[in-house]
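Commentary on secondary and tertiary structure
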Amino acid sequence: LYEPNAFRSSDHDPVIVGLDLSSRTTTTLCAYLGDDPRFKRYDYDVFSFYGSAEEAITLTLEANPPSAGNRKRAGLKLFGGELGGLVFEVDMSRLANQVTTTLPSSGHYYAVVYRTPGLFGRRAYKGDYCVSLEASAGAGQTFEPYWSVE
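Residues numbered from 1 in each chain as written. Predicted model: local features only at pLDDT ≥ 70, side-chain atom pairs only at ≥ 80, totals over all residues. Heavy atoms only, no water.

**Some points on the nonpolar core**
- Among the nonpolar cores identified, the biggest contains 26 residues, and F49, L59, Y129 and V131 are the most heavily contacted of them.
- Of all the secondary structure elements, the ones that give two or more residues to this core are β1 (24–33), β2 (44–51), β3 (56–63), β4 (74–80), β7 (107–115) and β8 (127–136). (Core = buried A, V, L, I, M, F, W, Y, C linked by side-chain atoms within 4.5 Å. Buried < 20%, exposed > 50% of the residue type's maximum accessible area, 1.4 Å probe, protein only. Helix = DSSP H or I, 4+ residues; strand = E, 2+ residues; numbered from the N terminus.)

**Examining a nonpolar patch on the surface**
- On the surface, F79, F88, V90 and M92 cluster together into a nonpolar patch covering about 360 Å² of accessible area.
- Tracing the sequence through the fold places F79 in strand β4.
- Classification of F79 by relative accessible area gives partly exposed; the value is 31%. (Patch = residues over 30% accessible without salt bridge, like charges linked within 9 Å, V, L, I, M, F, W, Y side chains within 5 Å. Areas by Shrake-Rupley, 256 points an atom, 1.4 Å probe, with all protein chains shown as cover. Salt bridge = Lys/Arg side-chain N within 4 Å of Asp/Glu carboxyl O.)

**Focus: the sheet that holds strand β5 (residues 87–91)**
- On the basis of which strands lie adjacent, the open sheet formed by five strands has the order β5-β4-β7-β2-β9 and antiparallel pairing. The sheet is open, and its two borders are formed by β5 and β9 (144–147), each paired with just one other strand. The sheet shows a mean angle of 25 degrees between the axes of neighbouring strands, direction not considered.
- The pairing of β2 with β7 spans eight bridges and is antiparallel. Pairing of F49 across the sheet is with Y109, part of β7. (Pairing = 2+ DSSP bridges. Axes fitted to C-alpha atoms, helices over the stretch in contact; angles between N-to-C directions.)

So this is what it looks like as structure tokens:
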């Protein structure tokens with residue numbers, strides 16, 4: 001049925017191709033909390049990534065294995081962005097912790113995992129953990145240890 005004229009491009013079965021421009025990925029990094037000799041009681045590890053304005057992200061902190069964190073607490077903070085777009089989110093609840101937000105501006109962001117004080121009968125977590133960033137593929141590729149990660 002092919003004809004060499006102006007209508008030749010319609011001489012085939014069209015195929016619909018979809019593009020998922022909202023592709024998300026999860027990047028997980030693991031470390032140990034509670035072994036920094038400089039901060040015997042309040043150890044903290046800092047991770048960084050580059051995020052884009054209006055990007056929805058989720059940070060998750062879990063003990064590794066998850067059962068090791070039963071009834072124990074650790075902190076998870078997110079801060080950063082360029083001037084005028086600072087974001088600051090905190091979760092100091094029992095493990096697993098989660099911070100979900102939409103980034104206000106493009107720039108560098110920092111995720112801080114830290115031991116919480118064991119006050120008022122609260123049990124601070126010490127041990128292996130994993131922190132995950134669910135975001136666009138671009139932000140996930142830049143997620144890495146930044147400071148004091150053992």
